[in-house]
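# Breakdown of the fold
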Amino acid sequence: MRLLAISDLHLRYESNRQALSRLRAHPDDWLIVAGDIGESEELHHWALSLLSGRFARVLWTPGNHDLWSRPGRSGEPAGEVKYQRLVAICRHYDVVTPEDPYPLWTGPGGPAVIAPVFCLYDYSFGPAGLSRDQMLAWAAAGDVVAADEALLSPDPHPSRDAWCAARCAATETRLAEAARQGPLVLVNHFPLRKDLVRLKRVPRYAPWCGTRRTEPWAKRFGVRIGVYGHLHIRGTHLREGVRYEEVSLGYPRDWDGALGIEPYLREILPGPG
């Protein structure tokens, strides 16, 4: 019995879909899916139907691609509405979401409370002291303009950073309660600390990678392990006694399709010996 994790499945790519369809059954294991299944509800239905049938339990938190919507398309769900629709799809397949009670892991390496959270980003991972507009200008000067600026609606919130602030405030209340039950495995699509963001190819993409609001949470709430994706740079990192796991699969160029997806499932618990 293991707690496994993966993120950034990006199932709009046929090669990624084919590889996921060949993933073997793990009837005793739990799986964390830390965001970026794909841009459509149809991809979420397909993936969660498959995964919930192959794992004992599945947990999910959204990534930025999951929340994309096409501007100007009348009636297309966007922002909070899109998020809630994805939550409803998860619940249809009995998949745990950030809106559900956090489950207690009692298997090897436990006990631990598994807390999938949705915190978004607020541009604070860029250079200190810049406003949001200045941060966008700084990124654009390095030829970086995130697709989120056009495709990730914050509606009904006035901005993505306002949505982030609201999510973080609500999440802190729940984490304080969860911390009384035991150590946490904290799951977010975006990195939980700025010093985890090392982007050699596109360093000015950092503003879209998280929020400094989450940085004190490890110490404040007794986080044992942090799980995240988004960067497409897999790795294990230790920060102040906490193990952080970047668990991305990524675009087809980011992984070896000949290996299949199985080697990219990261063991969170019991974890490395």
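Residues numbered from 1 in each chain as written. Predicted model: local features only at pLDDT ≥ 70, side-chain atom pairs only at ≥ 80, totals over all residues. Heavy atoms only, no water.

We now examine the overall build of the protein chain. Secondary structure assignment for the protein chain yields seven helices and 10 strands. By principal-axis analysis of the C-alpha atoms, the protein chain measures approximately 50 × 40 × 35 Å. Looking at the protein chain as a whole, 55% of its 273 residues qualify as buried. Look at the contacts in the protein chain between residues 6 or more apart in sequence, and 74% of them connect residues 24 or more apart. Entry remark: accessible area of the protein chain is about 11,600 Å², with carbon and sulfur atoms responsible for 51%. (Helix = DSSP H or I, 4+ residues; strand = E, 2+ residues; numbered from the N terminus. Buried < 20%, exposed > 50% of the residue type's maximum accessible area, 1.4 Å probe, protein only. Contact = heavy atoms within 4.5 Å. Areas by Shrake-Rupley, 256 points an atom, 1.4 Å probe, with all protein chains shown as cover.)

Our focus in this paragraph is the nonpolar core. A general tendency of soluble globular proteins is for nonpolar side chains to be buried together. Judged by nonpolar contacts, the single largest core of 70 residues is most densely connected at Leu9, Leu20, Leu51, Trp60, Leu120, Leu175 and Ile261. Counting 17 residues, the second largest nonpolar core, distinct from the first, contains Ala5, Ala34, Ile225 and Val247. (Core = buried A, V, L, I, M, F, W, Y, C linked by side-chain atoms within 4.5 Å.)

This brings us to the packing of aromatic side chains. Scanning all chains against the criterion turns up 11 aromatic pairs. Taking the centre distance of 4.7 Å and the plane angle of 40 degrees together, the rings of Tyr83 and Phe118 count as tilted. With Tyr83 in helix α3 (residues 79-92) and Phe118 in the loop between β5 (112-116) and α4 (132-141), this pair connects stretches of sequence that are 35 residues apart. Here Tyr83 and Phe118 have matching classes, each one buried. Seen in terms of ring centroids, Phe118 and Trp163 are 5.4 Å apart; in terms of plane orientation they differ by 85 degrees. Their pairing is edge-to-face. Highlighted residues: Phe118 in the loop between β5 and α4 and Trp163 in helix α6 (residues 160-178), separated in sequence by 45 residues. (Phe/Tyr/Trp six-rings, centres within 6.5 Å; stacked < 30°, edge-to-face > 60°.)

This paragraph deals with unusual backbone geometry. Note that the residue after Gly110, namely Pro111, is joined by a cis bond; omega there is 0 degrees. Locating Pro111 in the fold gives a position in the loop between β4 (104-105) and β5. Despite not being glycine, Asp8 shows a phi value in the positive range, around 55 degrees. Tracing the chain through its elements places Asp8 in the loop between β1 (3-6) and α1 (14-21). Even without a glycine there, the phi angle at Tyr123 is positive, about 70 degrees. As for its placement among the helices and strands, Tyr123 is situated in the loop between β5 and α4.

Another point: the sheet that holds strand β10 (residues 266-269). As summarised here, the arrangement of the four strands in space is β3-β2-β1-β10, forming an open sheet in which the pairing is mixed. Of all the strands in the sheet, just β3 (55-60) and β10 have a single pairing partner and so form its edges. The sheet shows a mean angle of 30 degrees between the axes of neighbouring strands, direction not considered. Pairing of β1 with strand β2 (residues 26-33) involves four bridges; the strand directions are parallel. Paired with Ile6 across the bridge in β2 is Val33. (Pairing = 2+ DSSP bridges. Axes fitted to C-alpha atoms, helices over the stretch in contact; angles between N-to-C directions.)

Below, the discussion takes up the sheet that holds β5. Taken in spatial order, the six strands of this open sheet run β4-β5-β6-β7-β9-β8, and their pairing is mixed. Strands with a single pairing partner mark the edges of an open sheet, and in this sheet they are β4 and β8 (235-239). As paired strands, strand β6 (residues 184-187) and strand β7 (residues 223-228) are joined by four bridges and run parallel to one another. Counted as the bridge partner of Val187 is Val227 from β7.

Another aspect to go through is the environment of Trp68. On the secondary structure map, Trp68 appears in the loop between β3 and α3. When the C-alpha atoms of Trp68 and Leu152 are compared, they prove to be 4.7 Å apart, with 84 residues separating the residues in sequence. For Trp68, the residues in contact, after removing those within four places along its chain, are Glu39, Lys82, Ala147, Asp148, Leu151 and Leu152.

For the structure shown, the criterion picks out 18 salt bridges. Close ionic contact of Arg2 with Glu267 constitutes a salt bridge, the shortest N to O distance being 3.6 Å. Note that Arg2 is positioned in the segment before β1 and Glu267 in strand β10, a separation of 265 residues in sequence. Given a relative accessible area of 26%, Arg2 falls into the partly exposed group. In this structure, Arg193 engages Glu240 in a salt bridge whose closest nitrogen and oxygen atoms are separated by 3.2 Å. With Arg193 in the loop between β6 and α7 (217-221) and Glu240 in the loop between β8 and β9 (242-246), the pair connects residues that are 47 residues apart, well separated along the chain. According to the relative accessible area criterion, Arg193 is buried, its value standing at 11%. Here the salt bridges share partners, and the residues they tie into one network are Arg193, Asp195, Arg239 and Glu240. (Salt bridge = Lys/Arg side-chain N within 4 Å of Asp/Glu carboxyl O.)

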